[in-house]
Amino acid sequence: MSAQVFSQSVAAARETYLVSNKLESSSKAIIDFIKNMDKLFDFFNSLKRLTSKNFNRQTKKQENHL
C-alpha cells in the first residue's frame, strides 16, 4: 500500500496539479519527498534484469545509487 502512495505516478499527478495552480507551491517539498521514497522502494526492491528505472536496477559502485 505505501509503495503505491509513494510512487512516481502519484508524484507526477501532484506535479500536474501544482503547475495547474491547483496546489500551493509549498507542496513541492511533498512531491520531492514522494519521488525520493519511490527511489528508496526501487532501491530495496532492485532487480538483476534491466529496467527503465535507474534505482530499480542492480546496485553497482559506478551507478548513481551511491
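Residues numbered from 1 in each chain as written. Predicted model: local features only at pLDDT ≥ 70, side-chain atom pairs only at ≥ 80, totals over all residues. Heavy atoms only, no water.

**Some remarks on the overall build of the chain**
Consideration 1: Each helix and strand in the chain was counted, giving three helices and zero strands.
Consideration 2: The order of α-helices and β-strands along the chain, N terminus first, is α-α-α.
Consideration 3: Within the chain, counting contacts between residues at least 6 apart in sequence, those at least 24 apart form 24% of the total.
Consideration 4: Counting every atom, the chain has about 5,100 Å² of accessible surface; 56% of that belongs to carbon and sulfur. (Helix = DSSP H or I, 4+ residues; strand = E, 2+ residues; numbered from the N terminus. Contact = heavy atoms within 4.5 Å. Areas by Shrake-Rupley, 256 points an atom, 1.4 Å probe, with all protein chains shown as cover.)

**Brief notes about the side chain of Ser27**
Consideration 1: By the element assignment, Ser27 lies in the loop between helix H2 (8-19) and helix H3 (28-44).
Consideration 2: The contact partners of Ser27, leaving out residues within four places of it in the chain, are Arg14 and Leu18.

**Remarks on the side chain of Ser7**
Consideration 1: Here Ser7 is to be found in the loop between helix H1 (2-5) and H2.
Consideration 2: Polar contacts involving the side chain of Ser7 include one to the main-chain carbonyl oxygen of Gln4, which spans 3.0 Å.
Consideration 3: Within polar-contact distance, the side chain of Ser7 engages the side chain of Ser9 at 3.0 Å.
Consideration 4: Discounting residues that sit within four places of it in the chain, Ser7 has contacts with Ile34 and Asp38. (Polar contact = N/O pair within 3.5 Å; in protein donor to acceptor, adjacent residues only side chain to side chain.)

**Considering unusual backbone geometry**
Consideration 1: The backbone phi angle of Asn21 is positive, close to 60°, even though this residue is not glycine.
Consideration 2: Its place among the elements puts Asn21 in the loop between H2 and H3.
Consideration 3: A relative accessible area of 69% means that Asn21 is categorised as exposed. (Buried < 20%, exposed > 50% of the residue type's maximum accessible area, 1.4 Å probe, protein only.)

**Considering the pattern of salt bridges**
Consideration 1: Here the structure, examined in full by the defined rule, presents three salt bridges.
Consideration 2: Across the salt bridge formed by Glu15 and Lys28, the nearest N and O atoms sit 3.8 Å from each other. Here the residue Glu15 occupies a position in helix H2, and Lys28 occupies one in helix H3, the gap between them amounting to 13 residues.
Consideration 3: Judged by its relative accessible area of 24%, Glu15 falls in the partly exposed class.
Consideration 4: Given a relative accessible area of 33%, Lys28 falls into the partly exposed group.
Consideration 5: With a closest N to O distance of 2.7 Å, Lys35 and Glu15 form a salt bridge. Here Lys35, found in helix H3, pairs with Glu15, found in helix H2; they are 20 residues apart in sequence, far enough to count as distant.
Consideration 6: The exposure class of Lys35 is partly exposed, given its relative accessible area of 22%.
Consideration 7: The network of salt bridges with shared partners includes Glu15, Lys28, Asp32 and Lys35. (Salt bridge = Lys/Arg side-chain N within 4 Å of Asp/Glu carboxyl O.)

Spatial relationships are all this shows, so hold off on functional conclusions.
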